[in-house]
Amino acid sequence: MPSTHEEPGEGNTLKRLFVTGGTGFIGARFIPLALEAGYEVRVLTRNARAAERWKHAGVTPVHGDLLTPGPWQEEAAASEQVVHLAQPITFGGRVTHKRAVAYREQRLRMDSLLLESLKPGTVKRVLYVGGTSYYGNQGHNLVTEDSTPRPSGWGPYIAPAIEALPGYRARGLPLVEAYPGSVYGLGSWFEEYTLVPLKGGRRLFGLKETLVNKMSPIHVEDCARALLHLLEHGEVGRRYFVVDDEPVTFADLSRVAAETLGVTHRRVLLPRWLCTLALGPVLTDSLTAEALLSNARLHATGFQFRYPTIREGVPALVRQWLETRAQTR
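The paragraphs below set out a description of the structure included in this document. Residue numbers here run from 1 along each chain, matching the order of that chain's written sequence. Reporting of local features is limited, given that this is a predicted model, to residues whose pLDDT is at least 70; pairs of side-chain atoms are given and counted only at 80 or more, and all residues count toward the totals for whole chains, interfaces and linings. Side-chain measures here rest on the full set of heavy atoms in the structure, leaving out hydrogens and waters.

1. Description of the pattern of salt bridges
Whenever a carboxyl oxygen of Asp or Glu lies within 4 Å of a side-chain nitrogen of Lys or Arg, that contact is scored as a salt bridge. Scanning the model with the defined rule gives 16 salt bridges in all. The shortest N-O distance in the salt bridge between Arg104 and Glu105 comes to 2.7 Å. According to the relative accessible area criterion, Arg104 is partly exposed, its value standing at 25%. Residue Glu105 is classed as partly exposed on the basis of its relative accessible area, which comes to 41%. Close ionic contact of Arg238 with Glu235 constitutes a salt bridge, the shortest N to O distance being 3.9 Å. Each residue is placed in one exposure class: buried if its accessible area under a 1.4 Å probe, protein chains only, is under 20% of its type's maximum, exposed if it is over 50%, and partly exposed if it falls in between.

2. Topic: the sheet that holds strand S2 (residues 40-45)
If DSSP finds at least two bridges between two strands, the strands pair. Helix and strand assignments come from DSSP, with helices taken as H or I runs of at least 4 residues and strands as E runs of at least 2, each series counted from the N terminus. With parallel pairing, 7 strands are arranged side by side in an open sheet as S3-S2-S1-S4-S5-S6-S10. Each edge of the sheet is formed by a strand with only one pairing partner; in this case those strands are strand S3 (60-63) and strand S10 (239-242). When the angles between neighbouring strand axes are averaged without regard to direction, this sheet yields 20°. A fitted line through C-alpha atoms represents every axis, and for helices the fit uses only the stretch in contact; the resulting angles, taken between N-to-C directions, go from 0 to 180 degrees.

3. A short note on a nonpolar patch on the surface
The residues that make up patches have over 30% relative accessible area and no salt bridge, and they are joined within 9 Å when like-charged or within 5 Å when they are Val, Leu, Ile, Met, Phe, Trp or Tyr. Per-residue and other accessible areas follow the Shrake-Rupley method at a 1.4 Å probe size, with only the shown protein chains counted as cover for residues. Taken together, the side chains of Trp273, Leu274 and Leu277 make up a nonpolar region of the molecular surface, amounting to roughly 340 Å² of accessible area. Inspection of the secondary structure assignment puts Leu274 in helix H10 (residues 272-279).

See below:
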């Protein structure tokens, strides 16, 4: 059963929450939810402009870099709740083995500097956000968090960090692990590589495998809501897939978007070798791995989706995107 906990603000004291990765795609949605839930939020940032924006939003910015020891570690150590969303940059350009190894080493250092600074007697919950590429290509059957990982794509490079977590739990850190699937939303890959070209009447590029291989998506708003829910209701020592109710293909996602936009869905299929040449083997493997992930464990905590499938999530996103475009013209 999920661990019991006090609600934020209970006893007239706000729970102190330390967040890494708060300026990222998911983090930017998570922070307002945490504030609304009554947390006293501190966000680690290196960016002075972002720090000013957070101040105006009622957040306490903490200056520092996860790759460099500093006073930020004292702020983390004084917090009752910690959400670790940050990771090294994984996008932009071709991903070589050398670049992926650098990512692996940076992630290990980030985790070490943060988790080693936390005090088991002070911190009540640590939500660690991993990646489903750790589970890799799981085939055509729906799988759970207890399935044997077969890391692929980025998976082999995040595996050392994930496999180090039991050691931190043994030290007394109350870790809850969350593994978001393919997160789509404004400002994501889905906007750049699907919505923009569809609206412009262009064809979409894809791989033959992505027509049949399924992945497990989740709308970014539901992802952020699920992370906050797991911070409060997730069971220490357990993993949770953060995915919606229905695995789909990438073609399914773009097809629903095209239908909502009222445009023709046209695709150009590229050979795998060309994708490997352009993006590198790491990203190609990530794009073609099949992962049908069960969210039964997340449902069992009482979490309710706003967008249980792409049939609800993608049209809502497209409408939001069109409204945003209209306002900026």
